[in-house]
Amino acid sequence: MKFSLWQRMDAIARSMFPVTATLLLIMASMVPLRIPDLAPIIPSLSLIAVYYWTIHRPDLMPIWAVFVIGVAQDLLSGSMLGVGSISLLVVRYLVISQARFFTSASFVVIWSIFALVAFLAFFVMWIFTSLLTATLVEYSSATFQYLMTLAVYPGFTWLFVHGQRLFLR
Amino acid sequence: MSKRSGNALGLATPIRAWAQRSAFVFFFALAIVLLVLGRAQTPAVERVRTAVNDAIAPVLELATSPVATVSDTIVSTRELFEVRAANEALRQENERLLQWRAAAQRLEDENRLLRDLNQLTIEPRTRYITARVIGDQGGAFVRSVLVSAGARDGVEKGQAALTGRGLAGRVAETGRRAARILLVTDMNSRVPVLVGNARDRAVLAGDNSPNPELLYFSPGVQIRVGDRVVTSGHGGAFPSGLPIGVVTDVRENDVRVEPYVDWSHLEFLRLVDYELPGILSSPEDGLAKGKIQPLKPAPDAAASDANAAGSAAAAGETGTAGVTAGAVVQAGGAATEPAQ
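Presented here is a report on the structure given in the accompanying data block. As the structure is a prediction and not an experimental result, all values here were calculated from the model.

1. Details of the overall build of chain A
Counting its regular elements, chain A contains eight helices and zero strands. In sequence order, chain A lays out its α and β elements as α-α-α-α-α-α-α-α. Every one of the 169 residues in chain A was classed for burial, and the buried ones make up 43%. For chain A, long-range pairs separated by at least 24 residues make up 71% of all intrachain contacts whose partners lie at least 6 apart in sequence.

2. Considering the interface of chain A and chain B
Tallying the contact residues gives 47 residues for chain A and 42 residues for chain B. Going through the elements one at a time, helix H4 (63-77), helix H5 (83-97), helix H7 (107-133) and helix H8 (140-167) of chain A are the ones with two or more residues in the side of chain A that touches chain B. When residues in the side of chain A that touches chain B are grouped by element, the largest group, eight residues, is from H4(A). Looking at side-chain class alone, the side of chain A that touches chain B contains 28 nonpolar, 14 polar and five charged residues.

3. A short note on helix H3 (residues 83-118) of chain B
Under the 1.5 Å per step criterion, the end-to-end length of H3(B) is 49 Å for 36 residues, consistent within 8% with the ideal 52 Å. The buried fraction of H3(B) amounts to zero of the 36 residues, a small share that puts the element mostly on the outside.

4. Things to note about the packing of helix H3 (residues 45-56) of chain A against H7(A)
Residue and element names in this part refer to chain A. Closest axis-to-axis distance for the H3/H7 pair is 11 Å, and the angle between their directions is 130°. Judged by the inter-axis angle, H3 sits oblique to H7. Where H3 crosses over H7, the handedness of that crossing is right-handed. Together, Leu47, Tyr51 and Ile55 of H3 and Ile110, Phe114, Val117, Ala118 and Ala121 of H7 make up the contact between the two elements. Grouping the constituent residues of the contact of H3 with H7 by class yields eight nonpolar, no polar and no charged.

5. Side note on H5(A)
Relative to the 21 Å expected for 15 residues at 1.5 Å per residue, H5(A) spans 21 Å between its end C-alpha atoms, a close match to the ideal helical length. Every buried residue of H5(A) is listed here: Val83(A), Gly84(A), Ser85(A), Ile86(A), Ser87(A), Leu88(A), Leu89(A), Val91(A), Arg92(A) and Val95(A). Residues of H5(A) that are buried make contact with H3, H4, helix H6 (99-103) and H7 of chain A together with helix H1 (13-39) of chain B.

6. Examining the nonpolar core
Ranked by size, the top nonpolar core spans 102 residues in total, and within it Val50(A), Tyr51(A), Val147(B), Ala168(B), Ile181(B) and Leu204(B) carry the most contacts. Counting residues per element, this core draws most heavily on H3(A), at nine residues. Composition of this core by domain shows at least three residues from each of domain 1 (43-106) and domain 2 (126-293) of chain B. Beyond its immediate sequence surroundings of up to four residues, Leu204(B) is in contact with Val184(B), Val191(B), Val193(B), Pro212(B), Leu214(B), Val229(B), Ile244(B) and Val257(B).

7. Let's talk about the sheet that holds strand S10 (residues 243-251) of chain B
Residue and element names in this part refer to chain B. The strand order around the closed barrel formed by six strands is S6-S7-S8-S11-S10-S9, and the pairing between neighbours is antiparallel. Along the sheet, successive strands turn relative to each other by an average axial angle of 45°, direction set aside. For strand S7 (residues 200-205) and strand S8 (residues 213-215), the ladder comprises three bridges, and the chain directions are antiparallel. Looking at the pairing, valine 203 lines up with leucine 215 of S8.

8. Considerations on the packing of H5(A) against H7(A)
Residue and element names in this part refer to chain A. Their axes nearest at 9 Å, the elements H5 and H7 cross at an angle of 150°. On the basis of the axis angle, H5 is roughly antiparallel to H7. Note that H5 runs across H7; the crossing there is right-handed. Of H7, the residues touching H5 (which contributes Val83, Ile86, Ser87, Val90, Val91 and Leu94) are Val117, Leu120, Ala121, Val124, Met125, Phe128 and Thr129. The residue makeup of the contact of H5 with H7, split by class, is 11 nonpolar, two polar and no charged.

Conventions used here
Residues numbered from 1 in each chain as written. Chains lettered and ligands numbered in written order. Predicted model: local features only at pLDDT ≥ 70, side-chain atom pairs only at ≥ 80, totals over all residues. Helix = DSSP H or I, 4+ residues; strand = E, 2+ residues; numbered from the N terminus. Buried ≥ 20, exposed ≤ 12 C-beta atoms within 10 Å, placed from the backbone. Contact = placed C-beta atoms within 7 Å. Nonpolar A, V, L, I, M, F, W, Y, C, P; charged D, E, K, R; others polar. Expected span 1.5 Å × (residues − 1). Axes fitted to C-alpha atoms, helices over the stretch in contact; angles between N-to-C directions. Parallel < 35°, antiparallel > 145°, perpendicular 65-115°, else oblique. Left-handed = near helix turned anticlockwise from the far one by under 90°. Core = buried A, V, L, I, M, F, W, Y, C linked by C-beta atoms within 7 Å. Domains from an automatic or database assignment. Pairing = 2+ DSSP bridges.

What follows is the structure, given as structure tokens:
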């Protein structure tokens, strides 16, 4: 059975959905919403996206894409280059190494594991930022950002599930 | 419902695991390399940063306008109910401000006369560039915003960014049409300041908390809660006298300043083009990178403080070098009396 050019392009475009959606989310989270004190604790959507897609479609969230997403996040937010990539790579590594566990896990379990993984990711960011600036970086806003990320996780998972059904059958 | 695609290359599991692990190691190492390059402020990295800022600026500008519209509509609806009261308050404030204007004009005239008497060099001309804030959600580890003005509008690295209330930060990166402003609360921000009526020199250092810290003031300097903090102009990047904030907390080795700027309503920033040629040089950068040693109040600190500041003045402010250097040595404390 042969696929036409259009079918093949359609398939490629669909398979790019996870990475494209993640990059768009990062961009969207940059827009000033004029909500007092939101900026420092804005949830880290890239963390949610990389975690979700590495569990459900690791083939569509390859390691180079994780790296690129981290770089994009760092460049756009103006934070230290490389720190975002490192924390996202750690997330991917943790998830991939336990891939078999996730296949049968329920949503609540996956969310609870996310609490752990995201904590580690923020901890890695904090450690590297502190090491590079040779100071103990203030951690209260990182803690709040972590809690915010945890809180919005179900909402974005819902979004990704629907996106997955819509674009990836 | 796992839909992992089959192993297309038909590799054996151990080889695949090895390939996965080495890919991880490769990208992890790449990230570390980026970290080092970024920290060393490599020109290439800076160019990439500005290129990305430029590329994203039009998208963010577009996305900012509906948000602005919605938020403006909410605000104006609320204001509609308070119009009468607001009008009365504004009338009174206007009267008060008119008196202040008269006072300011009188002072300016007087100032000019006194300057003429002293034959003091006139401060350089300043020009303002107004820019809209188009990106401000940096996350937990950075306090910076993106604005929609760049090199084509005359924005340059090191310029001061102001709101109506006071100093917000300085330009850290400039693209063609966008620039990143490092806020005074960021942990990489260091601003030379003057504190209180005595105009004692210090450095305002951000640490990502809402209230930046005052560092490097001379021993014996009395700093009180309520003291005004303004830019000193030392290091040359900023005009002197820009308001920053007030001292809110004085403890041993920990003096905190509350900036005047309302961070939750950062919509426009005015960038000050301080037309002084060749002034954006190393002194301030040197402080930020830690080349000049931290000068906590200590016996020998005063001497080196005076040295560092003296060289800064000599390097930068040639026009008023004599005056500034004299003032600096006095501020340096008892260790080095000015040679009169």
